[in-house]
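Coordinate analysis (summary)
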Amino acid sequence: MPSTSHTASLRARRLAATATAAVLAAGPAVLATAGPAAATGDHGGKAGAVVLRTGLDVSLLNKTVNVPLRVALNEVQAPASAEKTALTAHLDGVDGGQPFSVLSAEVAKAKATVDAKKAEGFTQLAHAKVHVPGLPLLSLIEVEQVTSKALCEAGKKPVAESNLLGSVTVLGKKVTLTTGGTTRVEVPGVGEVSLALSSTSTTSTTAAASALQLKVSVNPLKLNVAEVEGEVTLAGATCEAPKAPAVAEAPKPQGEKADEPIKTEAAEPVAAKAQPKSDLAETGGDSVTPYIAGGAIVLLVAGGGAVAMARRGRSRA
């Protein structure tokens, strides 16, 4: 039959082994949670551009219904670009269904780009003429050069701007446009057009710009066309900013609060002998230091308990 001292010694060894295993098992978990978390996110933005877009309703003389004219030239979404300089359309009942020119230009560019830092839409139109059904010889509008730009950078205020260079002619009349206002042009026997110059809008993450917006109401009474009403947009650009990358904070090591109360006056002198404070100052500390110190205290306390149990066993023997 094993002696009492031998039994006490076995219990002490088991206690020390259990404490050691607990510290070794906790070590990898502490190291796994101590490092900084990786920041991930969707950086996608949006951008678009269009040289010309129409939303017109054409009323025919011999019909009671309207024929819609919905066309766009060089409408692109990022990443894309286009440089087509002419646009024709077909409308049943207008000039026998023959194609007619909606827009002709020397330069008609649209470009949209997006990356992780910014999204941008850009449009340029030069020496352009716009026509509507029923007015084959008279241009609805003629412009020398217009540009629009919408820029959205991550974490910055979006920017939208439009520029009009040179003269503008509406229904054969040269007009002077004012920024932020509406100009109305009326031609007897033909109709009227209202123009808005440099329309822009921005939010915290988006921007939109159009160089010219026209509200059209004409009654040409030619080519079987009674009336044309609607809107025409020249040089439009839009964007939506990419999301700014999120910065994740490193999580606090688990169990930090639970280990703080493990401080005893009896264990402190022994810990000082095992690891002098001067050595700690030289080597430095990090987020894992409290766990190493806590493990050392557990081992020391376990060892002290083992010694005490062994001595009691010898006394009883």
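Criteria and cut-off values
Just so you know, the residues in each chain are numbered from 1, in the order the chain's sequence is written. The predicted nature of this model means local features are confined to residues of pLDDT at least 70 and side-chain atom pairs, given and counted, to a pLDDT of 80 or more, with totals for whole chains, interfaces and linings taken over all residues. Side-chain figures throughout are based on the complete set of non-hydrogen atoms in the structure, without hydrogens or water. Segments assigned H or I by DSSP are reported as helices when at least four residues long, segments assigned E as strands when at least two residues long, and all are numbered from the N terminus. Contacts are residue-level and defined by heavy atoms, with any inter-residue pair within 4.5 Å sufficient. The protein chains shown are the only cover counted for residues, whose accessible areas, like all others here, come from Shrake-Rupley with a 1.4 Å probe. The pLDDT value expresses, per residue, how confident the predictor is, ranging between 0 and 100. Put simply, a disulfide is two cysteine sulfurs that come within 2.5 Å. Exposed residues in this analysis have more than 50% of their type's maximum accessible area, buried residues have under 20%, and partly exposed residues fall in between, with area computed by a 1.4 Å probe over protein chains only. A pairing counts as a salt bridge when a side-chain nitrogen of Lys or Arg comes within 4 Å of a carboxyl oxygen of Asp or Glu. By nonpolar core is meant a set of buried Ala, Val, Leu, Ile, Met, Phe, Trp, Tyr and Cys residues that side-chain atoms within 4.5 Å join together. By the convention used here, strands pair only if DSSP detects at least 2 bridges between them.

1. Notes on the overall build of the protein chain
A count of helical and extended segments in the protein chain gives five helices and 15 strands. Taking as baseline every contact in the protein chain between residues at least 6 positions apart, the subset at least 24 positions apart corresponds to 61%. Accessible surface for the protein chain amounts to roughly 18,400 Å². Of this, 55% is attributable to carbon and sulfur atoms.

2. Things to note about the confidence of the model for the protein chain
Looking at the protein chain as a whole, the pLDDT averages 75, with 63% of positions reaching at least 70. Highest mean pLDDT in the protein chain belongs to strand 8 (residues 118-130) (96); lowest belongs to helix 4 (residues 277-283) (42). Low pLDDT, under 50, characterises residues 258-285; the stretch is placed with seven contacts to residues that sit more than four places away or in other chains.

3. With respect to the state of the cysteines
Counted by the stated rule, this structure contains one disulfide. Through a disulfide, Cys-152 is tied to Cys-239; the S-S separation comes to 2.0 Å. Across the S-S bond linking Cys-152 and Cys-239, the dihedral sits near 65°, which makes this disulfide right-handed. You can see Cys-152 sitting in strand 9 (residues 141-153) and its partner Cys-239 sitting in strand 15 (residues 225-240), a full 87 residues away along the chain. In this structure Cys-239 comes out as buried when scored by relative accessible area, which is 5%.

4. Topic: unusual backbone geometry
In this model, Ala-78 is joined to Pro-79 through a cis peptide bond whose omega is -10°. Tracing the sequence through the fold places Pro-79 in the loop between strand 4 (76-77) and strand 5 (80-82). At Leu-171, a position not held by glycine, the phi torsion is positive, near 50°. With respect to the helices and strands, the residue Leu-171 is situated in the loop between strand 10 (159-170) and strand 11 (173-175).

5. Things to note about the pattern of salt bridges
Applying the stated criterion to the full structure yields six salt bridges. Of the charged contacts, one joins Arg-70 and Asp-57 as a salt bridge, the two residues approaching to 3.2 Å between their closest N and O atoms. Taken as a pair, Arg-70 in the loop between strand 2 (66-69) and strand 3 (72-73) and Asp-57 in strand 1 (residues 46-60) lie far apart in primary sequence, 13 residues in all. Between Glu-120 and Lys-149 there is a salt bridge whose closest N-O contact spans 3.8 Å. Highlighted residues: Glu-120 in strand 8 and Lys-149 in strand 9, separated in sequence by 29 residues.

6. A look at the nonpolar core
Formed by 63 residues in total, the largest nonpolar core has its most connected members in Leu-52, Leu-125 and Ile-141. Apart from residues lying up to four places away in sequence, Ile-141 is in contact with Ala-128, Lys-129, Val-130, Val-168, Thr-169, Val-170, Leu-195, Leu-212, Leu-214 and Leu-234.

7. A short note on the pairing of strand 2
Of the two faces of strand 2, the one lined by Val-67 and Leu-69 is fully buried and the one lined by Asn-66 and Pro-68 carries no buried residue. As defined by bridge partners, strand 1 adjoins strand 2 across four bridges and the pair is classed as antiparallel. Paired with Leu-56 across the bridge in strand 2 is Leu-69.

8. A look at the pairing of strand 1
Of all 15 residues in strand 1, eleven are buried, a share of seventy percent or more. Here strand 1 runs beside strand 4; their pairing, made up of two bridges, is antiparallel. Opposite Gly-48, over in strand 4, you have Gln-77 as the bridge partner. As paired elements, strand 1 and strand 3 share two bridges and run antiparallel to each other. Residue pairing for strand 3: Arg-53 is matched across the bridge by Ala-72.

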